[in-house]
Amino acid sequence: MCSSDLEEPVTLAKYLAHVYEDDREWIAESVRRAHDPAGDGRFDVEHRIVDRQGALHWLNTKSVTFFEGDGPARRKVRTVGAVADITERKRAEKALRDTNSMLQALIETSPLAIIGLDQEGTHVTRWNPAAERIFGWRADEVLGHPLPYIPDEDQARSLAMWEEATQTGVLTGRELRRLRKDGSLIDMALWSTALKDAQGAVTGTFSFIEIGRAHV
C-alpha cells in the first residue's frame, strides 16, 4: 500500500470492494445499521475479504459509531474501530469440524458397538447403530438412561472397570457377558478410553465392543 492510499479516507464503497462477494450484501447492511442514528452504533462481525494478491482472509471487525444530538437532529460524528485477522482461527475451526464429521461418520458406520457414558459412568451418552443392532435397544431407549445390558451380578465389576478406565485412561480387551434386550446373553470383549477436558478432568468414557458367541 502506497502512502497516498493511507492518506485517502476509507469510504463504504472502498471497504466493500475488498469484502468477499458472498459477504458483501449483509456486511453493507450491517454497516448501515451501525451508522443509523436510531441504533446503538455497534458493529461486530466476522467476514471474509480478498487482498490485492487475491488471497482470502477472515477478519473480525469491531467498531462503535458515536452520535450527537437528539431526535431528528441526531447525527454521526465519528467511528472508532479495530480489525483482527482471524484466518488461522477459522482454519483451525474448520479442521476441527472436519475431524468431528469424520469421527461421527466412523462411529455411525463402525461394525463395533460404540457406547459413551457420562462423567459418572452411570448414563448413556452415545449408542451407535451397531450397538442397536447387537443389543436390540434403540438409541432413543437408552440415551440418558443407565446401561441396560449389565446383569445384576456383574454391576460391581462393571463399576470397578469404569473406575480403572477413568484413572488409567484406557481399559483393554476385557471379556464380559452381557444381556440382549430379548434376555439372551452374549459374550463380548470391551475396550474403553476416558475422555478428558483441557484441565485433565474426566468428562466421560467411550467403549468399543466386539461380540463373540451368544449363550441362551
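Computed from a prediction, not measured in an experiment: that's the story for all the values here. (Residues numbered from 1 in each chain as written. Predicted model: local features only at pLDDT ≥ 70, side-chain atom pairs only at ≥ 80, totals over all residues. Heavy atoms only, no water.)

Asker: Account for the pattern of salt bridges, naming residues and giving values.
Answerer: Overall, the coordinates contain 17 salt bridges when judged by the stated rule. A salt bridge links E29 to R33; its shortest N-O distance comes to 3.8 Å. In this pair, E29 and R33 both sit in helix 3 (residues 21-34), 4 residues apart, roughly one turn of the helix. Here E29 falls in the partly exposed class, since its relative accessible area comes to 37%. (Salt bridge = Lys/Arg side-chain N within 4 Å of Asp/Glu carboxyl O. Helix = DSSP H or I, 4+ residues; strand = E, 2+ residues; numbered from the N terminus. Buried < 20%, exposed > 50% of the residue type's maximum accessible area, 1.4 Å probe, protein only.)

Asker: Explain the pairing of strand 1 (residues 42-50) to me, and be specific about the residues and the numbers.
Answerer: If a strand is regular, its side chains alternate between the two faces of the sheet. Looking at chain direction, strand 1 and strand 2 (residues 56-68) are connected through 9 bridges and run antiparallel. Residue pairing for strand 2: R48 is matched across the bridge by W58. Here strand 1 folds back onto strand 2 in antiparallel fashion, the turn holding 5 residues, of which G54 has a positive phi close to 90°. (Pairing = 2+ DSSP bridges.)

Asker: So, the side chain of T65: which residues are in play, and what are the values?
Answerer: Residue position: T65 is located in strand 2. A relative accessible area of 2% places T65 in the buried class. At a separation of 2.9 Å, a polar atom in the side chain of T65 contacts the side chain of T79. Other than its neighbours up to four places away in sequence, T65 contacts A34, H35, D40, G41, K76, R78 and T79. (Polar contact = N/O pair within 3.5 Å; in protein donor to acceptor, adjacent residues only side chain to side chain. Contact = heavy atoms within 4.5 Å.)

Asker: So what's going on with the packing of aromatic side chains? Which residues, and what values?
Answerer: A full pass over the atoms with the stated rule returns 4 aromatic pairs. When the ring of W127 is compared with that of F135, the centres are 5.9 Å apart and the planes differ by 45°; the resulting orientation is tilted. The class of F135 is buried, set by a relative accessible area of 1%. Following the ring pairs from residue to residue traces out a cluster consisting of W127, F135 and Y149. (Phe/Tyr/Trp six-rings, centres within 6.5 Å; stacked < 30°, edge-to-face > 60°.)

Asker: Lay out the environment of L96 in plain terms, naming residues and giving numbers.
Answerer: Of note, L96 is situated in helix 4 (residues 87-109). With a relative accessible area of 51%, L96 lands in the exposed category. In the structure, L96 is positioned 22 residues away from D118 in sequence and 22 Å away in space, judged by C-alpha atoms.

Asker: Residue-level account of helix 7 (residues 155-168), with values.
Answerer: If you check helix 7, its first and last C-alpha atoms are 20 Å apart, about what 14 residues at 1.5 Å a residue would give, namely 20 Å. Of all the residues in helix 7, the buried ones are S158, M161, W162, A165 and T166. When helix 7 is viewed along its axis, its buried side chains cluster within an angular range of 135° and face the same direction. The exposed residues of helix 7 that point more than 90 degrees off its buried face are A156, Q167 and T168. Where helix 7 terminates, the next one or two residues include G169, which has phi positive at roughly 95°. (Expected span 1.5 Å × (residues − 1). Arc of directions from axis to C-beta.)

Asker: Give a detailed account of helix 4, specifying residues and quantitative values.
Answerer: With 23 residues, helix 4 extends 33 Å from end C-alpha to end C-alpha; this agrees with the ideal 33 Å at 1.5 Å per step. Looking at helix 4, one finds that the buried residues are T87, K90 and I107.

Asker: Talk me through the pairing of strand 4 (residues 113-117); I want residue IDs and the actual numbers.
Answerer: Most of strand 4 sits inside the fold, with 5 of its 5 residues counted as buried. What you see with strand 4 is no split at all: A113, I115 and L117 on one side and I114 and G116 on the other are buried throughout. Inspection of the sheet shows strand 4 paired to strand 5 (residues 124-127) by 3 bridges, in the antiparallel sense. Paired with G116 across the two strands is R126, which belongs to strand 5. Hairpin remark: strand 4 followed by strand 5, antiparallel, with 6 residues in the connecting loop; positive phi at G121, about 70°.

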